[in-house]
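A closer look at the structure
Here is how the chains run, residue by residue.
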Amino acid sequence: MLITISGPAGSGKSTAAAGLAEALGYEHVSGGDIFRALADERGMTPLELNRAAEEDDAIDRDLDRRLRETASERDDLVLESRLAGWMAGEHADFKMWLNAPLAVRAQRIAEREDKAVDRAREETRARAESEASRYREYYGIDIEDLSIYDLVLNTSRLDPDGVVGALRAVVEAYTPEGDEGKTPVEGIRYEF
(Lines give C-alpha, C1' and ligand atoms only; values in the text may rest on other atoms or scores of the structure.)
Protein backbone atom coordinates (compact mmCIF):
# COMPACT_ATOMS: atom_id res chain seq x y z
CA MET A 1 0.00 0.00 0.00
CA LEU A 2 1.23 3.50 -0.86
CA ILE A 3 0.13 6.09 1.70
CA THR A 4 0.72 9.81 1.32
CA ILE A 5 0.79 12.32 4.14
CA SER A 6 0.60 15.99 3.25
CA GLY A 7 -0.02 19.22 5.09
CA PRO A 8 1.38 22.68 5.73
CA ALA A 9 4.57 23.46 7.64
CA GLY A 10 4.22 22.65 11.33
CA SER A 11 1.26 20.32 10.90
CA GLY A 12 3.20 17.32 12.20
CA LYS A 13 3.36 15.48 8.90
CA SER A 14 7.01 14.39 9.23
CA THR A 15 6.55 13.08 12.76
CA ALA A 16 3.32 11.32 11.82
CA ALA A 17 4.71 9.83 8.60
CA ALA A 18 7.78 8.42 10.35
CA GLY A 19 5.65 7.00 13.16
CA LEU A 20 3.08 5.49 10.81
CA ALA A 21 5.75 3.92 8.61
CA GLU A 22 7.39 2.37 11.67
CA ALA A 23 4.06 1.08 13.01
CA LEU A 24 3.19 -0.52 9.66
CA GLY A 25 6.69 -1.78 8.88
CA TYR A 26 6.76 0.41 5.77
CA GLU A 27 9.51 2.57 4.37
CA HIS A 28 9.21 6.34 4.87
CA VAL A 29 10.34 8.79 2.20
CA SER A 30 9.95 12.51 2.75
CA GLY A 31 10.14 15.39 0.33
CA GLY A 32 12.89 16.68 2.63
CA ASP A 33 14.92 13.51 2.02
CA ILE A 34 14.58 13.98 -1.73
CA PHE A 35 15.43 17.68 -1.44
CA ARG A 36 18.60 16.89 0.55
CA ALA A 37 19.61 14.27 -2.06
CA LEU A 38 19.07 16.87 -4.79
CA ALA A 39 21.26 19.36 -2.90
CA ASP A 40 23.98 16.74 -2.48
CA GLU A 41 23.89 15.89 -6.20
CA ARG A 42 24.41 19.57 -7.00
CA GLY A 43 27.17 20.01 -4.42
CA MET A 44 25.06 22.41 -2.37
CA THR A 45 23.72 22.56 1.15
CA PRO A 46 19.94 22.33 1.48
CA LEU A 47 19.85 26.02 2.41
CA GLU A 48 21.83 26.95 -0.71
CA LEU A 49 19.51 24.85 -2.87
CA ASN A 50 16.45 26.42 -1.24
CA ARG A 51 17.75 29.89 -2.09
CA ALA A 52 18.51 28.80 -5.64
CA ALA A 53 14.98 27.36 -5.96
CA GLU A 54 13.54 30.82 -5.35
CA GLU A 55 15.06 31.87 -8.70
CA ASP A 56 14.95 28.58 -10.62
CA ASP A 57 11.64 26.71 -10.93
CA ALA A 58 13.49 23.68 -12.37
CA ILE A 59 14.53 22.79 -8.81
CA ASP A 60 10.93 22.56 -7.55
CA ARG A 61 9.94 20.65 -10.67
CA ASP A 62 12.81 18.18 -10.24
CA LEU A 63 11.75 17.52 -6.64
CA ASP A 64 8.11 17.05 -7.68
CA ARG A 65 9.09 14.76 -10.57
CA ARG A 66 11.04 12.60 -8.15
CA LEU A 67 8.07 12.46 -5.78
CA ARG A 68 5.86 11.31 -8.65
CA GLU A 69 8.41 8.71 -9.79
CA THR A 70 8.78 7.38 -6.24
CA ALA A 71 4.99 7.03 -6.00
CA SER A 72 4.77 5.19 -9.30
CA GLU A 73 7.59 2.76 -8.51
CA ARG A 74 7.18 1.88 -4.83
CA ASP A 75 4.81 0.06 -2.51
CA ASP A 76 4.65 -0.44 1.26
CA LEU A 77 5.66 3.18 1.55
CA VAL A 78 4.61 6.31 3.43
CA LEU A 79 5.43 9.25 1.14
CA GLU A 80 5.37 12.60 2.85
CA SER A 81 5.52 16.15 1.53
CA ARG A 82 3.26 19.12 1.08
CA LEU A 83 2.34 17.88 -2.43
CA ALA A 84 2.65 14.11 -1.89
CA GLY A 85 -1.08 13.48 -2.37
CA TRP A 86 -1.16 15.51 -5.56
CA MET A 87 2.10 14.15 -6.98
CA ALA A 88 1.27 10.52 -6.15
CA GLY A 89 -2.12 11.01 -7.80
CA GLU A 90 -3.59 7.75 -9.04
CA HIS A 91 -0.70 5.73 -7.57
CA ALA A 92 -1.65 6.43 -3.94
CA ASP A 93 -3.83 3.93 -2.17
CA PHE A 94 -4.62 6.30 0.69
CA LYS A 95 -4.04 10.06 0.87
CA MET A 96 -4.02 11.96 4.19
CA TRP A 97 -3.90 15.69 4.94
CA LEU A 98 -2.75 16.88 8.35
CA ASN A 99 -3.38 20.40 9.56
CA ALA A 100 -3.49 22.57 12.68
CA PRO A 101 -4.39 26.21 13.26
CA LEU A 102 -1.68 28.68 12.21
CA ALA A 103 -1.04 29.70 15.84
CA VAL A 104 -0.30 26.07 16.78
CA ARG A 105 1.88 25.46 13.73
CA ALA A 106 3.81 28.70 14.36
CA GLN A 107 4.43 27.67 17.97
CA ARG A 108 5.72 24.25 16.87
CA ILE A 109 8.00 25.81 14.24
CA ALA A 110 9.26 28.44 16.70
CA GLU A 111 10.22 25.72 19.18
CA ARG A 112 11.78 23.49 16.51
CA GLU A 113 13.78 26.33 14.93
CA ASP A 114 14.45 28.33 18.10
CA LYS A 115 12.86 31.56 16.89
CA ALA A 116 10.17 33.96 18.06
CA VAL A 117 6.59 32.79 17.55
CA ASP A 118 5.59 36.02 15.76
CA ARG A 119 8.45 35.57 13.31
CA ALA A 120 7.56 31.90 12.75
CA ARG A 121 3.90 32.84 12.17
CA GLU A 122 4.74 35.50 9.58
CA GLU A 123 7.30 33.31 7.79
CA THR A 124 4.87 30.37 7.74
CA ARG A 125 2.04 32.53 6.39
CA ALA A 126 4.28 34.05 3.69
CA ARG A 127 5.70 30.63 2.73
CA ALA A 128 2.21 29.16 2.38
CA GLU A 129 1.11 32.02 0.11
CA SER A 130 4.23 31.71 -2.04
CA GLU A 131 3.91 27.94 -2.36
CA ALA A 132 0.19 28.09 -3.16
CA SER A 133 0.91 30.53 -5.98
CA ARG A 134 3.70 28.35 -7.40
CA TYR A 135 1.59 25.15 -7.22
CA ARG A 136 -1.21 26.88 -9.11
CA GLU A 137 1.20 28.28 -11.71
CA TYR A 138 3.24 25.10 -12.23
CA TYR A 139 0.58 22.41 -12.11
CA GLY A 140 -2.89 23.92 -11.75
CA ILE A 141 -3.09 22.69 -8.13
CA ASP A 142 -5.28 24.48 -5.60
CA ILE A 143 -3.53 23.39 -2.39
CA GLU A 144 -6.61 24.37 -0.39
CA ASP A 145 -8.73 21.81 -2.29
CA LEU A 146 -8.81 18.92 0.16
CA SER A 147 -11.28 16.85 -1.85
CA ILE A 148 -8.55 14.47 -3.06
CA TYR A 149 -7.76 13.30 0.48
CA ASP A 150 -9.24 10.23 2.10
CA LEU A 151 -8.62 11.63 5.57
CA VAL A 152 -8.18 15.17 6.91
CA LEU A 153 -7.03 15.45 10.53
CA ASN A 154 -6.49 18.40 12.87
CA THR A 155 -3.28 17.41 14.68
CA SER A 156 -3.69 20.05 17.39
CA ARG A 157 -6.33 17.84 19.04
CA LEU A 158 -4.01 14.85 19.64
CA ASP A 159 -0.46 14.30 20.82
CA PRO A 160 1.97 12.76 18.27
CA ASP A 161 1.25 9.20 19.44
CA GLY A 162 -2.48 9.89 19.18
CA VAL A 163 -2.07 11.18 15.61
CA VAL A 164 -0.12 8.07 14.59
CA GLY A 165 -2.68 5.87 16.35
CA ALA A 166 -5.55 7.53 14.49
CA LEU A 167 -3.81 7.24 11.12
CA ARG A 168 -2.89 3.63 11.79
CA ALA A 169 -6.45 2.76 12.83
CA VAL A 170 -7.82 4.17 9.58
CA VAL A 171 -5.25 2.35 7.42
CA GLU A 172 -5.80 -0.93 9.23
CA ALA A 173 -9.59 -0.58 8.95
CA TYR A 174 -9.34 -0.30 5.18
CA THR A 175 -10.43 -3.31 3.15
CA PRO A 176 -10.53 -3.46 -0.65
CA GLU A 177 -13.95 -5.15 -0.43
CA GLY A 178 -15.47 -2.11 1.28
CA ASP A 179 -13.82 0.42 -1.03
CA GLU A 180 -16.42 2.24 -3.11
CA GLY A 181 -13.84 4.32 -4.94
CA LYS A 182 -11.24 6.96 -4.23
CA THR A 183 -11.50 10.55 -5.36
CA PRO A 184 -9.57 10.95 -8.60
CA VAL A 185 -6.84 13.56 -8.93
CA GLU A 186 -7.81 15.34 -12.13
CA GLY A 187 -6.76 18.40 -14.07
CA ILE A 188 -3.15 18.42 -12.89
CA ARG A 189 -0.42 19.29 -15.36
CA TYR A 190 2.50 17.02 -14.49
CA GLU A 191 4.95 19.18 -16.41
CA PHE A 192 8.42 18.57 -15.10
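It should be noted that the structure appears before, not after, this text.
Structure report, in brief. Each chain has its residues counted from 1, running along the sequence as written. Under the rules for a predicted model, residues below a pLDDT of 70 receive no local features and side-chain atom pairs below 80 are neither given nor counted, while totals for whole chains, interfaces and linings still include all residues. With hydrogens and water excluded, all non-hydrogen atoms of the structure serve as input to the side-chain values.

1. Points about the overall build of the protein chain
Formally: Secondary structure elements are defined from DSSP: runs of H or I of at least 4 residues count as helices, runs of E of at least 2 residues count as strands, and each element is numbered from the N terminus. In this setup the radius of gyration rests on C-alpha atoms only. A globule is expected at 2.2 Å times the number of residues raised to 0.38.
When its secondary structure is counted, the protein chain shows eight helices and five strands. Starting at the N terminus and walking to the C terminus, you meet the elements of the protein chain as β-α-β-α-α-α-β-α-β-α-α-β-α. Against the 2.2 N^0.38 benchmark of 16 Å for 192 residues, the protein chain shows a C-alpha radius of gyration of 16 Å, consistent with a compact globule. For the protein chain, the C-alpha atoms occupy an extent of roughly 50 × 35 × 30 Å along the three principal directions.

2. Regarding the sheet that holds strand β2 (residues 27–30)
The pairing of strands in a sheet comes from backbone hydrogen bonds and takes either a parallel or an antiparallel form. Note the cut-off: The pairing criterion for strands is at least two bridges between them, as found by DSSP. Lines fitted to the C-alpha atoms define the axes, with helices restricted to the stretch that makes contact. Angles between their N-to-C directions range from 0 to 180 degrees. The contact criterion used is simple: two residues touch if any of their non-hydrogen atoms lie within 4.5 Å.
If you walk across this open sheet you meet the five strands as β2-β3-β1-β4-β5, and the pairing is parallel. Here the strands that pair on one side only, and so sit at the sheet edges, are β2 and β5 (151–154). Put simply, the sheet's adjacent strands are angled 20° from each other on average, direction ignored. Pairing geometry for strand β4 (residues 94–99) and β5, over four bridges, is parallel. Looking at β5, one finds that M96 is bridged to L151. Packing against the sheet, helix α2 (residues 31–41) makes contact with β2 and β3 (77–80), and its axis sits at approximately 60° to β2.

3. A short note on the pattern of salt bridges
Worth spelling out the cut-off: Basic side-chain nitrogens of Lys or Arg form a salt bridge, by our definition, when they fall within 4 Å of a carboxyl oxygen of Asp or Glu.
All told, the structure shown has 20 salt bridges when counted by the stated rule. Residues R61 and D57 are paired through a salt bridge, measuring 3.2 Å at the closest nitrogen-oxygen approach. Separated by four residues within a single helix, R61 and D57 lie in helix α4 (residues 57–73), roughly one turn from each other. Between E172 and R168 there is a salt bridge, with its nearest N and O atoms 2.7 Å apart.

4. Side note on the environment of H91
The line we're drawing: Only protein chains enter the accessibility calculation, which uses a 1.4 Å probe. A residue is then buried if its area is under 20% of the maximum for its type, exposed if over 50%, and partly exposed in between.
Mapped onto the elements, H91 comes out in the loop between α5 (84–88) and β4. A relative accessible area of 29% places H91 in the partly exposed class. Between the alpha carbons of H91 and E69 there is a distance of 9.8 Å; along the sequence they are 22 residues apart.

5. Some remarks on the nonpolar core
The line we're drawing: Definition of nonpolar core: a set of buried residues of the types Ala, Val, Leu, Ile, Met, Phe, Trp, Tyr and Cys, connected through side-chain atoms within 4.5 Å.
One finds L2, L79, L83, W86, Y139, I141 and I143 to be the most contacted residues of the largest nonpolar core, which totals 31 residues. Those elements that place two or more of their residues in this core are α2, α3 (46–53), α4, β3, α5 and α7 (117–139). Ignoring sequence-local partners within four residues, the contact set of W86 consists of I141, D142, I143, D145, I148, Y149, V185, I188 and Y190. In this structure, L24, L98, L153 and L167 belong to the second largest nonpolar core, which totals 17 residues.

6. Here we look at the environment of E111
Operational definition: Any pair of N or O atoms that falls within 3.5 Å is considered a polar contact. Within protein, one atom must be able to donate a hydrogen and the other to accept it, and sequence-neighbouring residues count only if both atoms are side-chain atoms.
Here E111 lies in helix α6 (residues 102–113). Classification of E111 by relative accessible area gives exposed; the value is 60%. At 2.8 Å, the side chain of E111 and the side chain of Q107 are in polar contact.

7. What about the pairing of β3?
Judged by which residues are buried, β3 turns out to be covered on both faces: L77 and L79 on one side and V78 and E80 on the other are all buried. Here strand β1 (residues 2–6) pairs with β3 via four bridges, running parallel. Paired with I3 across the two strands is V78, which belongs to β3. Pairing of β2 with β3, which is carried by four bridges, proceeds in the parallel orientation.

8. Digging into the packing of α3 against α4
Test applied: When residues are grouped by polarity, Ala, Val, Leu, Ile, Met, Phe, Trp, Tyr, Cys and Pro land in nonpolar, Asp, Glu, Lys and Arg in charged, and all others, Gly among them, in polar.
Put simply, α3 and α4 touch, their axes get as near as 7 Å, and they point 115° apart. Every residue of α4 that contacts α3 at L49, A52 and A53 is listed here: D57, I59 and D60. Along the lines of polarity and charge, the residues of the contact of α3 with α4 split into four nonpolar, no polar and two charged.

9. Points about α7
Quick note on the threshold: Residue count minus one, scaled by 1.5 Å, sets the expected span of a helix.
With 23 residues, α7 should reach 33 Å at 1.5 Å per residue; the first-to-last C-alpha distance of 32 Å fits that figure. Here α7 has its buried residues at A120, T124, E131, A132, Y135, Y138 and Y139. Immediately downstream of α7, the backbone of G140 shows phi near 80°, a positive value.

Remember, this is a structural readout, not a statement about activity or role.
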